[in-house]
Amino acid sequence: AQSVTQPDIHITVSEGASLELRCNYSYGATPYLFWYVQSPGQGLQLLLKYFSGDTLVQGIKGFEAEFKRSQSSFNLRKPSVHWSDAAEYFCAVGASSSYKLIFGSGTRLLVRP
Amino acid sequence: DAGVIQSPRHEVTEMGQEVTLRCKPISGHNSLFWYRQTMMRGLELLIYFNNNVPIDDSGMPEDRFSAKMPNASFSTLKIQPSEPRDSAVYFCASSPNTGELFFGEGSRLTVL
């Protein structure tokens, strides 16, 4: 079955600390992988995507993610978190042959001053 | 460039009333999606259009829900009659068929 798991419902980090949000997927085809961010009252905004090539991808707002095929993971990282990063983060998986994205349940990030 | 535009941003209505949500996709995008977001069920794909044609409506919860895309720049999602369990945030998203979605800011629906 195709699925995306974000094991952490909430994560709290201090401002300036590093961040890693976990994402594991189960997908039969070669996956396209995405991270989206949703601020309160807003729609989802694409942070970064992986289609092929270099497994470490850079996104907006200083985020990066690494695709590890052997671990079926696509974890999101940021070296130093800012208070404005507080939001909900969604991992999603799809395929070039399919229009459907499968979204994870989201991880809510709280940032301590 | 304007993003995906949705209206209304907020709608409060009474059970049994008709609700119409509207979406203007990004110009040049030929795929359009309607999603529903709730705390309990997360993001659910309701319906997908490609080149204005409904391709997959398997996510539409029941016959009370209908969606149309009369042209490339406009789509509607209609609920008739509405019920309290329809309360959610409804998102429209468009795509240029690159795999990534561009979301609107959503329409928050409250059915009393």
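Model, not experiment: these values are computed from the prediction.

> Just checking my understanding: could you explain the overall build of chain B for this structure?
From N to C terminus, chain B includes 0 helices and 11 strands. Each helix and strand of chain B, placed in order from N terminus to C terminus, yields the pattern β-β-β-β-β-β-β-β-β-β-β. Computed over C-alpha atoms, the radius of gyration of chain B comes to 13 Å, within 12% of the 13 Å expected from 2.2 N^0.38 for 112 residues, which places it in the range of a compact globule. Along the longest, intermediate and shortest principal axes, the C-alpha atoms of chain B span 40 × 25 × 25 Å. On chain B, roughly 5600 Å² of surface is accessible, and the fraction owed to carbon and sulfur atoms is 50%. Mean positive and mean negative side-chain charge positions of chain B (10 and 13 charges, respectively) differ by 3 Å.

> Would you mind going over the environment of B:T76 with me for this structure?
Residue and element names in this part refer to chain B. Mapping T76 onto the fold places it in strand β8 (residues 74-79). Expressed as a C-alpha distance, the spacing of T76 and V89, which sit 13 residues apart in the sequence, is 15 Å. With near-sequence residues (within four places) excluded, T76 lies in contact with T20, L21, R22, W34, S66, A67 and K68.

> Would you mind showing me how to read the interface of chain B and chain A here?
How big an interface is tends to be expressed through the accessible area that disappears when the partners come together. Listed per partner, the contact involves 18 residues of chain B and 16 residues of chain A. Carbon and sulfur atoms make up 56% of the area that chain B and chain A hide from each other, which totals about 1400 Å². If you sort the residues of chain B by the area they bury against chain A, B:L43, B:E100 and B:F103 come out on top, with a joint share of 31%. Joining chain B to chain A, the criterion identifies 2 salt bridges. Between B:E100 and A:K49 there is a salt bridge; the shortest N-O distance is 2.2 Å. For the pair chain B and chain A, the interface holds 5 residue pairs in polar contact (both at pLDDT 80 or more). Elements that contribute at least two residues to the side of chain B that touches chain A include exactly β4 (31-38), β5 (42-50) and β6 (53-56) of chain B.

> Would you explain the state of the cysteines in this entry?
Disulfide: a covalent bond connecting the sulfur atoms of a pair of cysteines. Inspection of every chain in the model, using the stated rule, returns 2 disulfides over all chains. The side chain of A:C23 participates in a disulfide bridge whose partner is A:C91; the two sulfur atoms lie 2.0 Å from each other. Residues A:C23 and A:C91 are joined through a disulfide that is left-handed, its torsion about the S-S bond being -65°. You can see A:C23 sitting in the loop between β3 (19-21) and β4 (24-26) and its partner A:C91 sitting in strand β10 (residues 87-95), a full 68 residues away along the chain. Of the two residues examined, A:C23 and A:C91, each falls in the buried class. In this model B:C23 forms its disulfide with B:C92; the gap between the sulfur atoms is 1.9 Å. Across the S-S bond linking B:C23 and B:C92, the dihedral sits near -65°, which makes this disulfide left-handed. Within this pair, whereas B:C23 is found in strand β3 (residues 19-24), its partner B:C92 is found in strand β9 (residues 88-95), the two being separated by 69 residues in sequence. Judged by relative accessible area, which is 0%, B:C92 ranks as buried.

About the cut-offs
- Residues numbered from 1 in each chain as written.
- Chains lettered and ligands numbered in written order.
- Predicted model: local features only at pLDDT ≥ 70, side-chain atom pairs only at ≥ 80, totals over all residues.
- Heavy atoms only, no water.
- Helix = DSSP H or I, 4+ residues; strand = E, 2+ residues; numbered from the N terminus.
- Rg over C-alpha atoms; globule rule 2.2 N^0.38 Å.
- Areas by Shrake-Rupley, 256 points an atom, 1.4 Å probe, with all protein chains shown as cover.
- Lys, Arg positive; Asp, Glu negative; His and termini not counted.
- Charge placed at Lys NZ, Arg CZ, Asp CG, Glu CD.
- Contact = heavy atoms within 4.5 Å.
- Buried area = accessible area lost by both parts, 1.4 Å probe.
- Salt bridge = Lys/Arg side-chain N within 4 Å of Asp/Glu carboxyl O.
- Polar contact = N/O pair within 3.5 Å; in protein donor to acceptor, adjacent residues only side chain to side chain.
- Disulfide = S-S within 2.5 Å.
- Buried < 20%, exposed > 50% of the residue type's maximum accessible area, 1.4 Å probe, protein only.

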